[in-house]
Amino acid sequence: MLSRSRCVSRAFSRSLSAFQKVRCWLRVVLFLAGVSLCQGPGYPDNTDSKFKHWILSKKTIKKTEWALMVFLFCFSLENDVITVQTPAFAESVTEGDVRWEKAVGDAVAEDEVVCEIETDKTSVQVPSPANGIIEALLVPDGGKVEGGTPLFTLRKTGAAPAKAKPAEAPATAHKAAPEAPAAPPPPVAPVPTQMPPVPSPSQPPSSKPVSAIKPTAAPPLAEAGAAKGLRSEHREKMNRMRQRIAQRLKEAQNTCAMLTTFNEVDMSNIQEMRARHKDAFLKKHNLKLGFMSAFVKASAFALQEQPVVNAVIDDATKEVVYRDYIDISVAVATPRGLVVPVIRNVETMNYADIERTINELGEKARKNELAIEDMDGGTFTISNGGVFGSLFGTPIINPPQSAILGMHGIFDRPVAVGGKVEVRPMMYVALTYDHRLIDGREAVTFLRKIKAAVEDPRVLLLDL
């Protein structure tokens, strides 16, 4: 109520200020028209006769001023209600579905999320532009919107809504309440000293007809499905991101001639390097040294050696597009679906730059703050199923790219080393590629180059 009064007070002040300006202009207009604000009954007539029919009385002018004041006051109140529109999407996104976080009548603070718009690639949060109360939702929950579509109306208020205070603990008086006196024990029945009387044979035992006997209610049986397990099902609507993922993966299967080649990587050296330098790396860069940066850097090195893997077929013009830059997409699993933020210009990065970028993009993905620009483009993709314990798999190409590298879990396995059997930490890697563009020789050479650069990072320094 207090915020509403402040809102009305500010609106009145604005309308009064506007009224003063309009009144000045009104006087100028009337003066130019030959009308004096002092003319009327009791004032001398100092105007020309041809302007006498324009002369207004003082009472009429006052009525006009009050009408203007009321109009401006209402107009000022109307200006406190604003309509919030859908933000502009990226060029590759045309529409999205609305999911409301607030309802009509809810008080919201400035920058508080009112709704989320789920697009094909990410979710866009729509915050409140000011403190206020939601007056109307212009789009139903789950409705489709485009850029610039009105979403809701907000009546601005002066102060932010008060946060609900946590419920106070019960008063200590209840704790100190005296306990109810214990109920007295039931009286002890007297011990019988005589035998109960036995009925004589002349007195037949009393009997009741069968119809008069009421059957006792049987205990309720448990539900038939409870003991055997429920066999129910429910349905949920697929969100737009999941629908888009399904569509793109199916398009990749229908378009690309996908083939997968495999290899295995000995992780002994990279594990030893990580164990030796992780503390110094953390101290200098304030980042943890992981295995993903080694594979990203090795992939960029191999892509420079085999540029056809970094290329793509333009089906419209029947041309091969070779990219002179390397943008690697890193697949990240989120509750809403799989997202692939892009690390750009990887060929110019070192391990620290890659780890920093992966950390920033991962934090955005966890907070659902990835923008469309963070996921646009990409010339090659790395999918790490090893974080979930995957042993083996064949990844699907992320169109319009031509290849994808699949990482898997690290497991100790016996391998032959120098004619001896040793137990080493090994990882299977898989490369799925578009056989329309990439031949088996380029694919196998590319994967072996990644294997060599991960097993011995000195290959990168020596450019071997």
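These figures come from a predicted structure and were not determined experimentally.

> Help me understand the overall build of the protein chain, please; the structure alone is not making it clear to me.
If you tally the helices and strands in the protein chain, you get eleven helices and 18 strands. In the protein chain, the proportion of contacts linking residues at least 24 apart, taken out of those at least 6 apart, comes to 65%.

> What's the story with helix H6 (residues 268-285) in this structure? I'm lost.
The periodicity of an α-helix, 3.6 residues per turn, causes residues three or four positions apart to be oriented the same way. For H6, built from 18 residues, the straight-helix expectation of 26 Å at 1.5 Å per residue is met to within 8% by its first-to-last C-alpha distance of 24 Å. Along its length, H6 reaches its greatest deviation from straightness, about 55°, at His277. Asn286 sits one or two positions beyond H6 and adopts a positive phi of about 55°.

> Help me out: how do you make sense of the pairing of strand E17 (residues 403-417) in this one?
Taken together, the four bridges between strand E16 (residues 380-384) and E17 define a ladder with parallel strand orientation. Following the sheet pairing, Ser383 is matched in E17 by Gly406. Of the strand pairs in this sheet, E17 and strand E18 (residues 420-434) are connected by 13 bridges, and their pairing is antiparallel. Looking at the pairing, Ile404 lines up with Thr432 of E18. Count of turn residues in the E17/E18 antiparallel hairpin: two residues, of which Gly418 carries a positive phi of about 60°.

> What is the right way to read the sheet that holds strand E5 (residues 123-127) from this model?
Paired through their backbone hydrogen bonds, the strands of a sheet run either parallel or antiparallel. Read from one edge to the other, the open sheet built from four strands follows the order E5-E4-E2-E7, with strand pairing classed as antiparallel. If you trace the sheet from one side to the other, it starts and ends with E5 and strand E7 (144-146), each paired once. Between one strand axis and the next, the sheet turns through 40° on average, direction left out of account. Alignment of strand E4 (residues 113-118) against E5, held across five bridges, turns out to be antiparallel. Looking at the pairing, Cys115 lines up with Val126 of E5. Helix H5 (residues 240-255) contacts strand E2 (95-100), E4 and E7 of the sheet and is inclined by roughly 145° relative to E2.

> What am I meant to see in the pairing of strand E6 (residues 132-137) here?
A regular strand places its side chains so that they alternate between the two faces of the sheet. With two bridges connecting them, strand E3 (residues 107-108) and E6 associate as antiparallel partners. Paired with Ala107 across the two strands is Ile133, which belongs to E6. Bridge count between E6 and strand E8 (residues 150-156): five bridges; the pairing is antiparallel. Residue pairing in the sheet places Leu137 in a bridge with Phe152 of E8.

> Hey, could you run me through the side chain of Ser402 in this one?
Along the chain, the position of Ser402 falls in the loop between E16 and E17. The buried category is assigned to Ser402, whose relative accessible area is 2%. One polar contact links the side chain of Ser402 to the main-chain carbonyl oxygen of Ala311, over a distance of 2.7 Å. Ignoring sequence-local partners within four residues, the contact set of Ser402 consists of Val309, Ala311, Val312, Ile313, Ile397, Thr432, Tyr433, Asp434, Leu437 and Ile438.

> Looking at this model, I keep getting lost on the packing of helix H7 (residues 292-305) against helix H10 (residues 440-455). Mind explaining?
For any two helices packed against each other, the geometry is given by the interaxial angle and the distance between the axes. Interhelical geometry of H7 versus H10 gives an angle of 135° and a closest axis separation of 8 Å. Overall, the two elements H7 and H10 adopt an arrangement that is oblique. Of the two elements, H7 crosses H10, and the hand of that crossing is right-handed. Residue-level inspection shows Ala294, Phe295, Ala298, Ser299, Phe301, Ala302, Leu303 and Glu305 of H7 in contact with H10, the latter providing Phe446, Lys449, Ile450, Ala453 and Val454. The residue inventory of the contact of H7 with H10, partitioned by class, reads ten nonpolar, one polar and two charged.

> Would you explain the environment of Val265 in this entry?
By the element assignment, Val265 lies in strand E9 (residues 258-266). The class of Val265 is buried, set by a relative accessible area of 0%. Once the C-alpha coordinates of Val265 and Lys451 are considered, the two residues, 186 residues apart in sequence, prove to be 5.6 Å apart. Leaving out residues up to four positions away in the same chain, Val265 has contacts with Pro425, Met426, Met427, Val429, Lys451, Val454 and Glu455.

> Quick question: what am I supposed to make of the packing of aromatic side chains here?
To describe a pair of aromatic rings, one takes the distance between the centres and the angle between the planes. Scanning the entire structure with this criterion turns up four aromatic pairs. With 4.7 Å between their ring centres and 20° between their planes, Phe262 and Phe392 make a pair best called stacked. Taken together, the positions of Phe262 in strand E9 and Phe392 in the loop between E16 and E17 put the pair 130 residues apart, joining distant regions of the chain. Residue classification places Phe262 among the partly exposed residues on the basis of a relative accessible area of 34%. The exposure class of Phe392 is partly exposed, given its relative accessible area of 45%. Ring geometry for Phe392 versus Tyr428: centroids 5.0 Å apart, planes at 85°, classification edge-to-face. With Phe392 in the loop between E16 and E17 and Tyr428 in strand E18, this residue pair connects regions lying 36 residues apart in the sequence. Here the aromatic cluster, defined as three or more aromatic residues joined through ring pairs, consists of Phe262, Phe392 and Tyr428. If you follow Arg274 out to its NZ or CZ, it ends over the ring of Phe291, 5.3 Å from the centre. Here Arg413 stacks its cationic end above the ring of Tyr428, 4.0 Å away from the centre of that ring.

> So what exactly am I meant to see when it comes to H10 here?
Its 16 residues give H10 an end-to-end C-alpha distance of 22 Å, which sits within 8% of 22 Å, the value for a rise of 1.5 Å per residue. Within H10 the residues assigned to the buried category are Glu442, Ala443, Phe446, Leu447, Ile450, Ala453, Val454 and Glu455.

> Would you mind showing me how to read the nonpolar core here?
Generally speaking, soluble globular proteins have nonpolar side chains that are buried together. Core analysis: the biggest nonpolar cluster contains 52 residues, and Phe295 and Phe380 have the highest contact counts within it. Element by element, the count of residues in this core is highest for H7, at nine residues. Once residues within four sequence positions are removed from consideration, Phe295 is found in contact with Met267, Ile382, Leu405, Met407, Met427, Val429, Ile450 and Val454. Counting 17 residues, the second-largest nonpolar core is a separate cluster that includes Val93, Ile117, Ile134 and Val139.

Rules behind the numbers
Residues numbered from 1 in each chain as written. Predicted model: local features only at pLDDT ≥ 70, side-chain atom pairs only at ≥ 80, totals over all residues. Heavy atoms only, no water. Helix = DSSP H or I, 4+ residues; strand = E, 2+ residues; numbered from the N terminus. Contact = heavy atoms within 4.5 Å. Expected span 1.5 Å × (residues − 1). Bend = angle between axes of the 7 residues up to and from the residue. Pairing = 2+ DSSP bridges. Axes fitted to C-alpha atoms, helices over the stretch in contact; angles between N-to-C directions. Buried < 20%, exposed > 50% of the residue type's maximum accessible area, 1.4 Å probe, protein only. Polar contact = N/O pair within 3.5 Å; in protein donor to acceptor, adjacent residues only side chain to side chain. Parallel < 35°, antiparallel > 145°, perpendicular 65-115°, else oblique. Left-handed = near helix turned anticlockwise from the far one by under 90°. Nonpolar A, V, L, I, M, F, W, Y, C, P; charged D, E, K, R; others polar. Phe/Tyr/Trp six-rings, centres within 6.5 Å; stacked < 30°, edge-to-face > 60°. Lys NZ or Arg CZ within 6 Å of the ring centre and 35° of its normal. Core = buried A, V, L, I, M, F, W, Y, C linked by side-chain atoms within 4.5 Å.

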